[in-house]
Structure formats: C-alpha cells, structure tokens
Amino acid sequence: MFGFFFQMFLLCAGAFLAGVLLTWLTMRSRDTAAVEAQPLSIMEEPAAVVPAIKANSRTMMFHTPDSPYYKRMKGDAFFHSPEDARRAGYTMWTPRPRVTADA
C-alpha cells in the first residue's frame, strides 16, 4: 500500500514540476524590456478610464450620469460621449411622463 502511495506521489510531483517548468519557459520568452521600462509601485494605482455613458443594447437607449437610472443600470455597452452613442444608433433617455389620477 505504501508503494502505491509513493508511486502516485512521484507521478503527481512530476506532473506539477513539468507544469511549473513549461509555465516558466513561456513567461521567460516574453519581451521583458517593455515590462522593465515602466516599473509599477505597489502603492501606485493605475489610472482607470471609466466611460461616462452606459447603454442598453436591447432597448437601444443610453443613460448619462444625470439620468435617475444611471447608477442602478448595469449597461452592456459603454461610450465616452453622447455623440459616440448617437453615432452607434442609440437614443438618449427621456423622463417618463407622470400619469395623474384625474386622467
């Protein structure tokens, strides 16, 4: 029983080491000059570019930050400006008219 355990251990250890070696070889062959050109500090956060316009591709409507639905909608399309959204065929959100009880 101990021999079987030892054989399985050696087989798993060999497969693990082969995977480590292959990963190391593929990572080593990449161009490291581009990575070394811009060293990142641990304390430094990368500047994130956040699109300001969220759009729904099912309704073909886009919402700007002043829309009351902007924060709660997920959006499956994003644009940097309303002009970009209009060129893509989306229309801007419009407030829904309130229905009064007298009507």
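Reading the values: the criteria
Residues numbered from 1 in each chain as written. Predicted model: local features only at pLDDT ≥ 70, side-chain atom pairs only at ≥ 80, totals over all residues. Heavy atoms only, no water. 1 Å grid on protein atoms, 1.4 Å probe; cavity = no way out; pocket = protein on both sides within 12 Å on 5 of 7 lines; lining within 4 Å. Points joined across faces, edges and corners; volume = space filled by probe spheres on them. Phe/Tyr/Trp six-rings, centres within 6.5 Å; stacked < 30°, edge-to-face > 60°. Lys NZ or Arg CZ within 6 Å of the ring centre and 35° of its normal. Helix = DSSP H or I, 4+ residues; strand = E, 2+ residues; numbered from the N terminus. Buried < 20%, exposed > 50% of the residue type's maximum accessible area, 1.4 Å probe, protein only. Lys, Arg positive; Asp, Glu negative; His and termini not counted. Salt bridge = Lys/Arg side-chain N within 4 Å of Asp/Glu carboxyl O. Polar contact = N/O pair within 3.5 Å; in protein donor to acceptor, adjacent residues only side chain to side chain. Contact = heavy atoms within 4.5 Å. Patch = residues over 30% accessible without salt bridge, like charges linked within 9 Å, V, L, I, M, F, W, Y side chains within 5 Å. Areas by Shrake-Rupley, 256 points an atom, 1.4 Å probe, with all protein chains shown as cover.

### Quick notes on the layout of surface pockets
Looking at the largest pocket, its volume works out to about 220 Å³. In terms of lining residues, the largest pocket is bounded by Asn56, Thr59, Met61, His63, Tyr69, Met73, Trp93, Thr94 and Arg96.

### Structural notes on the packing of aromatic side chains
For the structure shown, the criterion picks out one aromatic pair. Above the face of the tyrosine 70 ring, lysine 54 is positioned so that its terminal group lies 4.6 Å from the ring centre.

### Notes on the side chain of lysine 54
Along the polypeptide, lysine 54 turns up in strand 1 (residues 53–56). Buried and unpaired, lysine 54 has no salt bridge, with aspartate 76 as the nearest side chain of opposite charge at 11 Å. At 3.2 Å, the side chain of lysine 54 forms a polar contact with the backbone oxygen of methionine 73. If we skip the residues at most four places from it in the chain, lysine 54 touches Met61, Phe62, His63, Tyr70, Lys71, Met73, Lys74, Ala77 and Phe78.

### Some details on the pattern of salt bridges
Counted under the stated rule, the structure contains one salt bridge. In this structure, the salt-bridge partner of aspartate 84 is arginine 87, at a minimum N-O distance of 2.2 Å. Of this pair, aspartate 84 and arginine 87 both sit in helix 3 (residues 82–87), separated by three residues, roughly a single helical turn. Under the relative-accessibility criterion, aspartate 84 is labelled partly exposed at 25%. The exposure class of arginine 87 is exposed, given its relative accessible area of 66%.

### Focus on a nonpolar patch on the surface
Nonpolar side chains collect at one region of the surface, where Phe2, Phe5, Phe6, Phe9 and Leu10 lie side by side and expose about 600 Å² of accessible area between them. Locating phenylalanine 5 in the fold gives a position in helix 1 (residues 2–28). Residue phenylalanine 5 is classed as exposed on the basis of its relative accessible area, which comes to 54%.

### Some points on unusual backbone geometry
In this structure, methionine 60 takes a positive phi of about 60° despite not being glycine. Position of methionine 60 among the secondary structure elements: in the loop between strand 1 and strand 2 (61–63).

Function cannot be read off these values alone, since they describe shape.
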